[in-house]
Amino acid sequence: MNWGIIFFLWFGVIGAVCLFSGYSMKTKRQIKIGWFIGRDVQAEKCRDIPGFIDAVYPKIMTLGTIATVGAVLMILLEVFEVTELVQLVLMIIILIYYGWFNHHVKKATKQYLD
């Protein structure tokens, strides 16, 4: 079994979830507690939910796009047996952006929700 493809599929699922939740946040103007913010946040006590959505929406959509496209590229590279260095670089790009995304979501949570 090739664990690399399973790992890349996991990236694709995360990307799809990000795209879906970003779209639903923007259209419904509601946040899903527990997806990108902790379960300890109470939605009814939040200060500025629309401000949080506006601050986080572009970052969620970018993460979803990067993860989904990156997963597809990594799977194609795995199928066509491209060097592992290219796959490693793509994986590092996704992980770095995920860390940056986490930092900004925590910052926006403190600014708009706490």
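Please refer to the structure placed before this passage.
What comes next concerns the included structure. Everything numeric in this text was worked out from a predicted model, so none of it was measured. (Residues numbered from 1 in each chain as written. Predicted model: local features only at pLDDT ≥ 70, side-chain atom pairs only at ≥ 80, totals over all residues. Heavy atoms only, no water.)

## Let's talk about the pattern of salt bridges
Pairs can form between side chains of opposite charge whenever their charged atoms are close. Scanning all chains against the criterion turns up two salt bridges. Notably, a salt bridge pairs Asp-54 with Lys-26, separated by 3.3 Å at the nearest N-O pair. With Asp-54 in helix α2 (residues 49-79) and Lys-26 in helix α1 (residues 3-28), this pair connects stretches of sequence that are 28 residues apart. Residue class for Asp-54 comes out partly exposed when judged on its relative accessible area of 41%. Counted as one network, the salt bridges with shared partners bring together Lys-26, Arg-29 and Asp-54. (Salt bridge = Lys/Arg side-chain N within 4 Å of Asp/Glu carboxyl O. Helix = DSSP H or I, 4+ residues; strand = E, 2+ residues; numbered from the N terminus. Buried < 20%, exposed > 50% of the residue type's maximum accessible area, 1.4 Å probe, protein only.)

## Comments concerning the packing of α2 against helix α3 (residues 84-113)
The N-to-C vectors of α2 and α3 enclose an angle of 170°; their axes lie 10 Å apart at closest approach. The orientation of α2 relative to α3 falls into the category roughly antiparallel. Tallied by class, residues from the contact of α2 with α3 come to 24 nonpolar, six polar and two charged. (Axes fitted to C-alpha atoms, helices over the stretch in contact; angles between N-to-C directions. Parallel < 35°, antiparallel > 145°, perpendicular 65-115°, else oblique. Nonpolar A, V, L, I, M, F, W, Y, C, P; charged D, E, K, R; others polar.)

## Brief notes about the nonpolar core
Counting 18 residues, the largest nonpolar core has Ile-31, Ile-37, Phe-52 and Leu-113 as the members making the most contacts within it. Mapped by element, the contributors of at least two residues to this core are α1, α2 and α3. Among residues more than four places away in sequence, those in contact with Phe-52 are Ile-31, Ile-37, Val-105, Ala-108, Thr-109, Tyr-112 and Leu-113. Counting residues in hydrophobic clusters, the runner-up holds eight residues, among them Ala-71, Met-74, Leu-77 and Leu-90. (Core = buried A, V, L, I, M, F, W, Y, C linked by side-chain atoms within 4.5 Å. Contact = heavy atoms within 4.5 Å.)

## Points about α2
In this model α2 runs 43 Å from its N-terminal to its C-terminal C-alpha over 31 residues, within 8% of the 45 Å that 1.5 Å per residue would give. When the local axis directions of α2 are compared, the greatest deviation, roughly 40°, occurs at Val-56, which is followed within four positions by the proline Pro-58. Near the N-terminus of α2, the side chain that reaches the backbone nitrogen of Gly-51, with its oxygen 3.0 Å away, is that of Asp-48. Directly beyond the C-terminal end of α2, a positive phi value near 55° is found at Glu-81. (Expected span 1.5 Å × (residues − 1). Bend = angle between axes of the 7 residues up to and from the residue. Polar contact = N/O pair within 3.5 Å; in protein donor to acceptor, adjacent residues only side chain to side chain.)

## What about the environment of Glu-84?
Topologically, Glu-84 is positioned in helix α3. Placed 10 residues apart in sequence, Glu-84 and Met-74 show a C-alpha to C-alpha distance of 9.7 Å.

## Observations concerning the side chain of Thr-109
As for its placement among the helices and strands, Thr-109 is situated in helix α3. Residue Thr-109 is classed as buried on the basis of its relative accessible area, which comes to 11%. Looking at Thr-109, its side chain comes within polar contact range of the main-chain oxygen of Val-105, at 2.7 Å.

## Section: the environment of Arg-29
Positionally, Arg-29 belongs in the loop between α1 and α2. For the pair Arg-29 and Ile-49, spaced 20 residues apart in sequence, the C-alpha to C-alpha distance is 7.8 Å. Those residues within four positions of Arg-29 in sequence are excluded, and the remaining contacts are Ser-24, Ile-49, Pro-50, Ile-53 and Asp-54. Of the polar contacts made by the side chain of Arg-29, one reaches the side chain of Asp-54; its length is 3.3 Å.

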